[in-house]
Amino acid sequence: MVKGEQIPDVLALEVEEALSLCHLLGWRVQVQTTAPPRGNPRGPQRVVRFTVIAPGKGVLTVAREEAGKEV
């Protein structure tokens, strides 16, 4: 990571909002999807992890939100 580089704070954001913020800050990101071993949540996709893979590049791991569930 380049010193002074701002890492986007995108945890828990919906994927489209997170992608927009990353683009605005000049980050190139890939989206990786994950899901629980059981069940089939149908809510909006939210960012659960942001991994820096190179300067200005990252991976957004997203999962569908399950309605009625809170962490």
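Structural notes, computed from the coordinates. Everything quoted here is computed from the prediction, not taken from an experiment.

1. Concerning the packing of aromatic side chains
Step number 1: For the coordinates displayed, the defined rule picks out one aromatic pair.
Step number 2: With a centroid separation of 5.5 Å and an interplanar angle of 75°, the aromatic rings of Trp 27 and Phe 50 are classed as edge-to-face. Within this pair, whereas Trp 27 is found in the loop between helix H1 (15-24) and strand S1 (28-33), its partner Phe 50 is found in strand S2 (residues 45-54), the two being separated by 23 residues in sequence.
Step number 3: Owing to a relative accessible area of 15%, Phe 50 belongs among the buried residues under this scheme.

2. Looking at the pattern of salt bridges
Step number 1: Counted under the stated rule, the structure contains two salt bridges.
Step number 2: As a salt-bridge pair, Glu 65 and Arg 46 come within 2.6 Å of each other at their nearest N and O atoms. Taken together, the positions of Glu 65 in the segment after strand S3 (57-64) and Arg 46 in strand S2 put the pair 19 residues apart, joining distant regions of the chain.
Step number 3: Exposure remark for Glu 65: the relative accessible area of 29% places this residue in the partly exposed category.
Step number 4: Residue class for Arg 46 comes out partly exposed when judged on its relative accessible area of 27%.
Step number 5: Sharing partners across several salt bridges, the network here consists of Glu 14, Arg 46 and Glu 65.

Calculation rules
- Residues numbered from 1 in each chain as written.
- Predicted model: local features only at pLDDT ≥ 70, side-chain atom pairs only at ≥ 80, totals over all residues.
- Heavy atoms only, no water.
- Phe/Tyr/Trp six-rings, centres within 6.5 Å; stacked < 30°, edge-to-face > 60°.
- Helix = DSSP H or I, 4+ residues; strand = E, 2+ residues; numbered from the N terminus.
- Buried < 20%, exposed > 50% of the residue type's maximum accessible area, 1.4 Å probe, protein only.
- Salt bridge = Lys/Arg side-chain N within 4 Å of Asp/Glu carboxyl O.

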